[in-house]
Each structure stands twice: as structure tokens, then as C-alpha cells.
Amino acid sequence: MSKLMIFQKILPGCEEGSPEAWRAFLGFYGPMATEILGVYTQWDADERLALWRECIGELSANDCAELKKLPHQSEREFLVAMRAHLQDRAAPRLEARKDAAEPPAPASESLTTLLSGLPVIHQEVVFLTLAGYSQKTVENILRTTPSVAGEGLSRLRSAYAGALERPEDRCLWPSAWIGICGEARAGAGKDCATLRQLVRVLDGQASWYDKSPAEDHRTRCLHCLELWTSLLEVVAWDRTRQPWPDEKVEPLLALIPIRKEKAKPSLFARMLGR
Ligand SMILES: [Zn+2]
């Protein structure tokens, strides 16, 4: 059923109020949304679900006006936008005083200094580690080996030893880190890549000639590093996609203004030609 529904049909179907499309939306994207919130907020499962319920309500209200603003062309672009949307929605509810005090949270400037001069893969390792990912998950997101990931961490060992060697995926400084991500997203410059260009690079559709300057630029640009790593994050979530079962989806469906499913005429009615 919903497992067969492809992305290109899900958002338009939701916007038409199709219950089947909403079932697919809720089943596919609920697990990712709550997982994203788990990494970036430190909230428990109930708090994460509460925010996701609010988001669903907002996305589906007013003829899906908010949903229509999200990218429709490719699922990965949609998921990157959804991740940013969830971070933005969570941000006002996070308190700086609840961030870990030791090691102190990075800020955009100190992060830029920390990253400067590192090769691109090591920058990705550092960024995702400070975002809250364990080394195992960083290796999985970047599809790299423990030795490469380990080398990338060497610059973190002195100041951020506490951010390393964690088994779970949880940011130490939800308020500060979501702030850094928000600043990075707002800081696009004229040389920055668009999300669509990054998707092309990821798919191997960009030539070396296109790819190399973009990669070089990324080593000096927090906006592009945030966008690129968020794309790799959603691709990694997608690889392990486990849709929610119907019993988890149905209560959420009740929040959405959907088109009434047409009742099938009974066999008796059909025999009578009604
Ligand atoms: Zn840039």
C-alpha cells in the first residue's frame, strides 16, 4: 500500500487531501522527523512527537499552504528542507542554559577557526561530530572508514574530548548548535552552491570541472558545509528507512483535514446497478 507510493505522488496527493498520500507521508517521514529531533534537541520521545504533531497540523492547514512551500522536485531536497524546518521550529523552545557547559559550545566564529585548513572530508567529520553524531554514525553518513573518521577527529581531541567517543547520536549543545545551523543557512553568498547542484554532485552528475571549485569553496564556507552535510544526513536516514506501522500513523491522520474516502458500493447495490 503506502510502501509503494513514490515521492512524486505523495506531496501532490497530500495537497489534494488524499488519505492514502497522507498515510505514506506520515509513515515515511515521521520516523525521520522524530530521529532528527532526537539528535538535535535531547527531547524525549513524547516531546518529539508533540512537535511533529504540531508540524503536521501546520503543514496541512489552509489547503497545505506550508507544505506547498517545501521542495517537490526530489525527495532528498524535500528532506533537507524538512530537517531545516524542524530545527527552526525547535529553536525557540531550546534554552542555552541546558546546553552542556563542559566543553563549552562552539560558535560560528570558533567553528570556522577550528575547521580552517582541514581537508574537506575531515571538515565533514568534525561538523557532524559536533552536531552530535557518534563516530559510528559519522562513518555511516560519510561512508568512510574508521581510520579516515579518526584522523578527522584529531583536531577535536584537545578542546572537545567530551564530544567524542559517545555511543548515542545526541548533540551536547542543542541550543547553540541549532543556532549555528540557522546562521549558516542564512549566510548564503554569491559563490555558494544550491541544494540542487549539491544533489547533482552527490549523484555523480557534475564533472570534475564543476565539482572541484564547489568542493574547494566548501572548505571555506559554513553555509555550504551545513547544506552538504545535511544532504548526506538525509541520504543516510533514507538508507535505513523503516516506515511507521499503521497503528502509529492512524492517530496522526486524525489531525489532518482529508478528503472523505468514497465508500465502495455493496455487492448488492452493484448487482442492482446502483
Ligand atoms: Zn558557500
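Sequence order sets the numbering: in each chain, residues are counted from 1 along the sequence as written. Reporting of local features is limited, given that this is a predicted model, to residues whose pLDDT is at least 70; pairs of side-chain atoms are given and counted only at 80 or more, and all residues count toward the totals for whole chains, interfaces and linings.

J.: Is there a simple way to explain the environment of Leu118 in this structure?
T.: Strands are runs of DSSP state E lasting at least two residues, helices are runs of H or I lasting at least four, and both sets are numbered from the N terminus onward. Within the secondary structure, Leu118 is located in the loop between helix H5 (108-115) and helix H6 (120-131). For Leu118 and Arg220, which are 102 residues apart along the polypeptide, the C-alpha to C-alpha distance reads 9.6 Å. For every residue pair, C-beta atoms are placed from the backbone, and the pair is scored as a contact if these atoms sit within 7 Å. Leu118 has contacts with Gln123, Val126 and Arg155, leaving out every residue within four places of it along the chain.

J.: Any chance you could explain helix H1 (residues 7-15) here in plain terms?
T.: An α-helical turn contains 3.6 residues, so any two residues separated by three or four positions project in the same direction. Think of it as a crowd count around each C-beta: if 20 or more other C-beta atoms lie within 10 Å the residue is buried, if 12 or fewer it is exposed, and in between it is partly exposed, with C-beta placed from the backbone throughout. Buried within H1 we find Ile10, Leu11 and Cys14. Along the long axis of H1, the arc covered by the buried residues comes to 85 degrees, so they all point the same way. Looking at the packing, one finds that the buried side of H1 touches helix H2 (19-41) and helix H3 (45-69). Immediately beyond the C-terminal end of H1, within one or two residues, lies Gly17, with a positive phi of roughly 80 degrees. Think of the arc as the fan of directions from the helix axis to the C-beta atoms.

J.: What is the right way to look at the packing of H1 against H2 in this model?
T.: Where H1 contacts H2, the axes come no closer than 8 Å and their chain directions differ by 125 degrees. Here H1 is positioned oblique relative to H2, judged by the angle of their axes. The handedness of the crossing between H1 and H2 is left-handed. Residue-level inspection shows Lys9, Ile10, Gly13 and Cys14 of H1 in contact with H2, the latter providing Glu20, Ala21, Trp22, Ala24 and Phe25. Three classes are used, and their members are as follows: Ala, Val, Leu, Ile, Met, Phe, Trp, Tyr, Cys and Pro are nonpolar, Asp, Glu, Lys and Arg are charged, and the others, Gly among them, are polar. Class assignment of the residues belonging to the contact of H1 with H2 gives a composition of six nonpolar, one polar and two charged. In this analysis an axis means a line fitted to C-alpha atoms, helices contributing only their contacting stretch, and an angle means the value between N-to-C directions, from 0 to 180 degrees. An angle counts as roughly parallel when it lies under 35 degrees, as roughly antiparallel when it exceeds 145, as roughly perpendicular when it falls between 65 and 115, and as oblique in every other case. Each helix crossing is assigned a hand: it is left-handed if the near helix lies turned anticlockwise from the far helix by less than a right angle, otherwise right-handed if that turn is clockwise.

J.: Would you mind showing me how to read the environment of Thr219 here?
T.: Tracing the sequence through the fold places Thr219 in the loop between helix H11 (208-218) and helix H12 (222-239). Placed 101 residues apart in sequence, Thr219 and Leu118 show a C-alpha to C-alpha distance of 7.5 Å. Those residues in contact with Thr219 that lie beyond four places of it in its chain are Val120 and Gln123.

J.: So what exactly am I meant to see when it comes to the environment of Glu183 here?
T.: Relative to the helices and strands, Glu183 is located in helix H9 (residues 174-186). Exposure remark for Glu183: the 15 C-beta atoms within 10 Å place this residue in the partly exposed category.

J.: What is the right way to look at unusual backbone geometry in this model?
T.: Comment: phi is negative for the bulk of residues other than glycine, and the bulk of peptide bonds are trans. Of note, the bond from Glu102 into Pro103 is cis; its omega dihedral lies within 30 degrees of zero at -5 degrees. Along the chain, Pro103 falls in the loop between helix H4 (75-90) and H5. The phi dihedral of Gln42 falls on the positive side, at around 65 degrees, and the residue is not glycine. Mapped onto the secondary structure, Gln42 falls in the loop between H2 and H3. Unlike most non-glycine residues, Asn62 shows phi in positive territory, near 50 degrees.

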